[in-house]
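# Topology and contacts: notes
The primary structure of each chain is shown beneath.
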Amino acid sequence: MDLCSAVQFLENKTILVSGATGFLAKVFVEKVLRIQPNIKRLYLLMRAADVNSAHQRLHKEVLGKELFSVLRGILGSNIDSFFHEKVIPVPGDISCENLGIQDITLRAEIWKNTNIVINCAATTNFDERYDVAFAINTMGALNVLNFAKLCPAVKMLLHVSTAYVCGEGTGHIMEEPFCMGKSLNGTTGMDWHGVTRAQGANVAVYNVEHEVAPNCHSPNVE
Ligand SMILES: NC(=O)c1ccc[n+]([C@@H]2O[C@H](COP(=O)([O-])OP(=O)(O)OC[C@H]3O[C@@H](n4cnc5c(N)ncnc54)[C@H](OP(=O)(O)O)[C@@H]3O)[C@@H](O)[C@H]2O)c1
């Protein structure tokens, strides 16, 4: 899709973005608001105790950043009403079912209206504890997929992941969109045996570390 058709595609669309306080999603949000001001709405999912905290995070960690200064220059005094109309902070957590969105009215509204889901939420800590990384980067991605399936008007789910995922393919691997049912290894569904094996390894390492070094709480599973 070239830039012109992407901009056109975004017109009047509602997008759910996770990881909005992070590096990539913030850049995405700014660009969408700048190049397609006729976007209908952006729901920005962020970890927060309640709506007030989510509002605070939105203004302090996203919209208040220098990144948005070009947009501020373009919209001038209309910027606050523009943000108010287009950007809705949503307290949630992708490691939870229904993305941890507790407000059932808001959750139903998001399900009903969302056309595009962009998952940028992740732990990007390379030596994260296995269970934390698994809950966010694996189960979180699955929770986002399940949430997107409940949006009747959804047209696209974009999962942003690490730059190094190419399955077991070799050679020159082109970047191409995946249609429903297509996967890197030709099968669909989760390899639960692999997960269990990895978790077993983690438990084993964890136990060994506790035996050997009781103060070590961060098992590093390769
Ligand atoms: N940055 C790059 O150059 C780059 C390149 C290629 C691929 N990627 C991939 O792009 C994705 C995003 O990267 P990034 O650089 O934007 O990461 P980042 O700056 O570390 O941001 C991660 C975001 O995810 C949120 N998050 C973490 N756990 C969450 C949870 N359980 N529920 C909801 N939100 C959660 C964080 O929220 P908090 O603020 O609450 O922690 C933060 O907003 C990652 O998968 C990364 O591997 C990044």
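Residues numbered from 1 in each chain as written. Predicted model: local features only at pLDDT ≥ 70, side-chain atom pairs only at ≥ 80, totals over all residues.

## Structural notes on the overall build of the protein chain
Going by this rule: We count a stretch as a helix when DSSP gives it H or I for four or more residues in a row; a strand needs E for two or more, and each element gets its number in order from the N terminus. To sort residues by burial, count the other C-beta atoms lying within 10 Å of each one's C-beta; a count of 20 or more means buried, 12 or fewer means exposed, and anything in between means partly exposed. C-beta atoms are built from the backbone. Placing C-beta atoms from the backbone, we regard two residues as in contact once those atoms come within 7 Å.
Each helix and strand in the protein chain was counted, giving 8 helices and 5 strands. Going from the N terminus to the C terminus, the protein chain shows its helices and strands as α-β-α-β-α-α-α-β-α-β-α-β-α. Counting across all 222 residues of the protein chain, residues that qualify as buried make up 23%. Across the protein chain, every contact between residues at least 6 apart in sequence was considered, and the portion connecting residues at least 24 apart equals 70%.

## Focus: unusual backbone geometry
A negative phi angle is the norm for most residues apart from glycine, just as the trans form is the norm for most peptide bonds. Positive phi values are uncommon outside glycine, yet Asn12 reaches one of about 65 degrees. Despite not being glycine, Asn98 shows a phi value in the positive range, around 55 degrees. Turning to its location among the elements, Asn98 is positioned in the loop between β3 (87-91) and α6 (104-113).

## Side note on the sheet that holds strand β5 (residues 156-159)
Going by this rule: For two strands to count as paired, DSSP must find a minimum of two bridges between them. Axis definition: a line fit to C-alpha positions, over the contact stretch in the case of helices; interaxial angles, taken between N-to-C directions, run 0 to 180 degrees.
Reading across from one edge, β3-β2-β1-β4-β5 is the order of the 5 strands in this open sheet, with parallel pairing throughout. Edge strands, defined here as strands with exactly one partner in the open sheet, are β3 and β5. Across the sheet, the mean angle separating the axes of adjacent strands is 15 degrees when strand polarity is ignored. Here strand β4 (residues 116-119) runs beside β5; their pairing, made up of 4 bridges, is parallel. Within β5, the residue paired with Val117 across the bridge is Leu157.

## With respect to the nonpolar core
As a rule of thumb, nonpolar side chains are buried together in soluble globular proteins. Applied cut-off: Among buried residues, those of type Ala, Val, Leu, Ile, Met, Phe, Trp, Tyr and Cys that are joined through C-beta atoms within 7 Å form a set called a nonpolar core.
Judged by nonpolar contacts, the single largest core of 37 residues is most densely connected at Val17, Val29, Leu42, Leu44 and Leu45. Those elements that provide at least two residues to this core are β1 (14-18), α2 (23-35), β2 (41-46), α3 (51-63), β3, β4 and α7 (130-149). For Leu45, the contacting residues outside a window of four places in its chain are Leu16, Val17, Ser18, Ala20, Val90, Gly92 and Leu99.

## A word on the environment of Asn185
Within the secondary structure layout, Asn185 lies in the loop between β5 and α8 (192-212). Residue class for Asn185 comes out exposed when judged on the 9 C-beta atoms lying within 10 Å of it. Linking Asn185 and Gly167, residues 18 residues apart in sequence, is a C-alpha distance of 6.5 Å. Setting aside anything within four residues of it in sequence, one finds Asn185 in contact with Gly167 and Glu168.

## Considerations on the site of the ligand
Convention followed: Whether a residue is near a molecule or strand depends on its C-beta atom, placed from the backbone, lying within 6 Å of it. Residues were grouped as follows: Ala, Val, Leu, Ile, Met, Phe, Trp, Tyr, Cys and Pro as nonpolar; Asp, Glu, Lys and Arg as charged; and all remaining residues, including Gly, as polar.
Around the ligand, a shell composed of 22 residues is seen, among which Gly19, Gly22, Leu24, Ala121 and Ala122 lie nearest. Broken down by secondary-structure element, the contributors of at least two residues to the shell around the ligand are α2 and α7. Looking at the shell around the ligand, the element that brings in the most residues is α2, giving 3 residues. Within the shell around the ligand, the residues separate by chemical class into 10 nonpolar, 10 polar and 2 charged.

## A few points about the environment of Asn52
Mapped onto the elements of the fold, Asn52 is located in helix α3. A residue is classified by how many C-beta atoms lie within 10 Å of it, and Asn52, with 11 of them, is exposed. Along the chain, Asn52 and Val90 lie 38 residues apart, while their C-alpha atoms are 9.9 Å from each other.

## Concerning the pairing of β3
One face of the sheet, then the other: side chains in a regular strand alternate in exactly this way. Of all 5 residues in β3, 5 are buried, a share of seventy percent or more. Judged by which residues are buried, β3 turns out to be covered on both faces: Val87, Pro89 and Pro91 on one side and Ile88 and Val90 on the other are all buried. Where β2 meets β3, 5 bridges bridge the pair, whose relative direction is parallel. Bridging across to β3, Leu42 finds its partner in Val87.

## Brief notes about the confidence of the model for the protein chain
Any region with low pLDDT has predicted coordinates that should not be read closely. Which entries qualify depends on this criterion: Per residue, pLDDT captures the predictor's confidence, and it can take any value from 0 to 100.
When pLDDT is averaged along the protein chain, the result is 86, and 83% of the positions lie at 70 or above. Here residues 202-222 is a poorly scored stretch, pLDDT under 50, and it has 14 contacts once near neighbours within four places are set aside; other chains count.

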